[in-house]
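# Observations on chain architecture
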There are 2 protein chains.
Amino acid sequence: MTDANGAAARVTLHDVAKAAGVSIGTVSNYMNGYPYMSAATKERVQDAIDQLGYVVNGTARNLRRGVTRLLSLSIPDLTQVYFAELAEEVIQVAREYDYGVIVESTGYDAAREMHSIQIMSQRMTDGLILSPLKLSDGDARKIKGDFPLVVLGESMFGVDAPHIIVQNIYAAKAATCHLVSAGCRSIAIVGGAVDPGNVSARSLRTEGYVAALREYGLPVDQRLIRETGDWNSRAGARAISDMMQEGLRFDGVFACNDMLAFGVISQLKEMGVSVPAQVQVVGFDNIDESQYTTPSLTTIDPGRRQIAKLAVESILEQVNQGRRAPKQRIEVEYSLVCRQSSPGFPVIGAKG
Amino acid sequence: MTDANGAAARVTLHDVAKAAGVSIGTVSNYMNGYPYMSAATKERVQDAIDQLGYVVNGTARNLRRGVTRLLSLSIPDLTQVYFAELAEEVIQVAREYDYGVIVESTGYDAAREMHSIQIMSQRMTDGLILSPLKLSDGDARKIKGDFPLVVLGESMFGVDAPHIIVQNIYAAKAATCHLVSAGCRSIAIVGGAVDPGNVSARSLRTEGYVAALREYGLPVDQRLIRETGDWNSRAGARAISDMMQEGLRFDGVFACNDMLAFGVISQLKEMGVSVPAQVQVVGFDNIDESQYTTPSLTTIDPGRRQIAKLAVESILEQVNQGRRAPKQRIEVEYSLVCRQSSPGFPVIGAKG
DNA sequence: GTGAAAGCGCTAACAC
DNA sequence: GTGTTAGCGCTTTCAC
């Protein structure tokens, strides 16, 4: 396994063939599970492999086969729990198909998002799962080539590729309806958009929130729509203390993600407001931690596992087809996970 | 860019060469920035490239060059914030060297940890950064080959490769000393090991905790060493409520990671104990969120960035050397980040 | 300055 | 059943 110098011996098919006294093609057949071989030959080949410590050279195999069994996942930031958990799912699903995942973290940087696309074209990987944040539709059109691609979200719907869509509007609506049916009459949204209008998660979730209020004939109070720069717990806490300071009253909070919700709950407690007795809280994302907090958090599960599964499977299908699939919306099922932060019951049919 | 069928045209160096009326070697030279070329040739080649939309085939290049500019990172679970943030750092550092990262999530499964090692030997990547949890020293010895390898932690010190070591003992000692010097006289450890003895983070951190108490001549109360199965906030909360129920008194808590600390703080608040006025809390990991909570969390920063940097750079060095580096301990600097959960001042020299 | 040619290590036809 | 062979697309001597 090591040569006289102690350096790595580069054992090739050729070496194994020579040692086993067969041809290189036979060894290759053996490696690939070709069935029509004599038991004797199989054994000699295996012996040679063991003795020499041969391992197939993946790069050569890739070149020859034209695929790498590797796919790229491009996300904004692993530090955001949502994306980390999404990446975890993608890696797991990919593994089921014997695929590896190159994770590219673009850091909310359009240039880096483009970069991961460039890399793709170099055919180091078989396909790209792209979760774009900053890329404009203009950049989008630069996504040339027809390598397998799946876009997460609808922010770049100009691109001609399958899009996997979280139903932000309906899910947010369901979350809000749930609060109403649990008895809340004055519901704030934390992390929302004061002036919705684009396709960001922020805007869409606000849209769902408003739709729910309207459906129940409840007034939409602009002061209860709290936009925050970040979506972390500090921002959530801040939104609450601001509202309290402004003398606003509310009995329910829909937080646009779970981190915000944690901050919301923490700050409410801090100010002596009991959750859920006085104020009920619902989050969005269903990150792992949301089940462990006190109170545990009612939240929207956006269907991460399904997103990962659909994305990977679409890529593989495209690989098989030999080209990119056409533009299409693939909508993922969401669900409302009811926990202690809101004792009510889920609202069925928010989608209708 | 697309052929008559609309399928991907597979543009090769050959095609570019033909279109530009030069040899394939010249195009290759151009692609690699070879300086001695006539301006005229350069231009013709560039035109052909633009026109045909040529992109180099990375796989072929890899085979020829013998490297992939890809490295593997094998960690237990991206769902754990610590690992997600570590992965993020590794990806960033790798990018600085124009390297991509294949993230393998082993899910606390020894078989998968071995698997990522197998993959490595297939030379799909230039090196492996392995954060082992379950792999025994016995498995370790199976890590044949001398491909570039860096092991994170000391749990597998039998392996002949560089190990990057977080100074668990000293860091935990520093955290505990900090609590003492801040006035705490009765300090609990949450997530510790009732019966330390191996090289797990749990045991080492407990060791540091005990060492600090001894140094200050404080008694070690076994009832204040709370072992928890998981290291999440629920476990932290549980440990606190258990201790309270048992009638134990304490004025400081060293939590073995930040998630535990969050649970600890949350439960203390829940029970009407004020942090830090009545009980001070220190965590471990310095995850992003620890700065956003209320109160913000005093915690040990294990030096993730440096870990990532040292790991990637060691891999690259090994790649250049053409073989694995010998066994060595590379110790990373830690620091105590002081925040609101403990108003004291950091203790200098806990290491001595 | 540019071209020709020899592989990198493998797979998959196709012989026999 | 097994051997032979033609490349996959590229880099890199080495001529000229």
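In this report, the structure presented in the accompanying data block is examined. Fair warning: this is a prediction, and the values are worked out from it, not measured in the lab. Numbers given for residues are sequential positions, taken from 1 along each chain in its written order. Note on labels: chains are lettered from A, ligands numbered from 1, in written order. Only residues with pLDDT of at least 70 are given local features in this predicted model, and only at 80 or more are side-chain atom pairs given and counted; all residues enter the totals for whole chains, interfaces and linings. Side-chain measures here rest on the full set of heavy atoms in the structure, leaving out hydrogens and waters.

## Notes on helix α3 (residues 39-52) of chain B
Residues and elements named next belong to chain B. Taking 1.5 Å per residue as the helical rise, α3 with its 14 residues ought to reach 20 Å, and the 20 Å between its terminal C-alpha atoms agrees with that figure. Partly exposed residues are those whose accessible area sits between 20% and 50% of the maximum for their type, while under 20% is buried and over 50% is exposed, using a 1.4 Å probe and protein chains only. Strands here are runs of E lasting at least two residues and helices are runs of H or I lasting at least four, both read from the DSSP assignment and numbered beginning at the N terminus. Every buried residue belonging to α3 is among Thr41, Val45, Ala48 and Ile49, and all of these are buried. For α3, the angular spread of the buried residues around the axis is 100°, confining them to a single face. Away from the buried face of α3 by more than 90 degrees, exposed residues Ala39, Glu43, Asp50 and Gln51 are located. Along its buried surface, α3 packs onto α1 (13-20) and α2 (24-31). Where α3 ends, the next residue or the one after it, Gly53, has phi of about 70°, a positive value. One fewer than the residue count of a helix, multiplied by 1.5 Å, yields its expected span. When we speak of the arc, we mean the arc of directions from the helix axis to the C-beta atoms. Note on contacts: a residue pair qualifies if any of its non-hydrogen atoms lie within 4.5 Å across the two residues.

## A word on the sheet that holds strand β8 (residues 252-255) of chain A
Residues and elements named next belong to chain A. Paired strands are those between which DSSP finds at least two bridges. Pairing within the open sheet is mixed, and its six strands lie in the order β7-β6-β8-β9-β10-β12. Two strands bound the open sheet, and with one partner strand each, they are β7 (225-226) and β12 (335-337). Bridge count for β8 against strand β9 (residues 280-284) is three bridges, and the pairing is parallel. Note that in β9 the partner of Phe254 across the bridge is Val282. Together, β6 (187-190), β7, β8 and β9 form the strand contacts of helix α9 (residues 201-215), whose direction differs from that of β6 by roughly 175°. With respect to the sheet, helix α10 (residues 233-245) is in contact with β6, β7 and β8, its orientation differing from that of β6 by roughly 140°. Fitted lines through C-alpha atoms give the axes, limited to the stretch in contact for helices. The angle between two N-to-C directions lies from 0 to 180 degrees.

## What to know about the packing of helix α8 (residues 168-181) of chain A against α9 of chain A
Residues and elements named next belong to chain A. The contact between α8 and α9 brings their axes to 7 Å, and the two run at 45°. In terms of orientation, α8 and α9 fall into the oblique class. Here the hand of the crossing between α8 and α9 comes out right-handed. Counted together, Asn168, Ile169, Ala172, Lys173, Thr176 and Cys177 of α8 and Ala201, Leu204, Arg205, Glu207, Gly208, Tyr209, Ala211, Ala212, Leu213 and Glu215 of α9 form the full contact between these two elements. The classification used treats Ala, Val, Leu, Ile, Met, Phe, Trp, Tyr, Cys and Pro as nonpolar, Asp, Glu, Lys and Arg as charged, and all other residues, Gly among them, as polar. Considered class by class, the residues forming the contact of α8 with α9 number nine nonpolar, three polar and four charged. An angle counts as roughly parallel when it lies under 35 degrees, as roughly antiparallel when it exceeds 145, as roughly perpendicular when it falls between 65 and 115, and as oblique in every other case. Handedness of each helix crossing follows the sense of rotation of the near helix against the far helix: counterclockwise by less than a right angle gives left-handed, clockwise gives right-handed.

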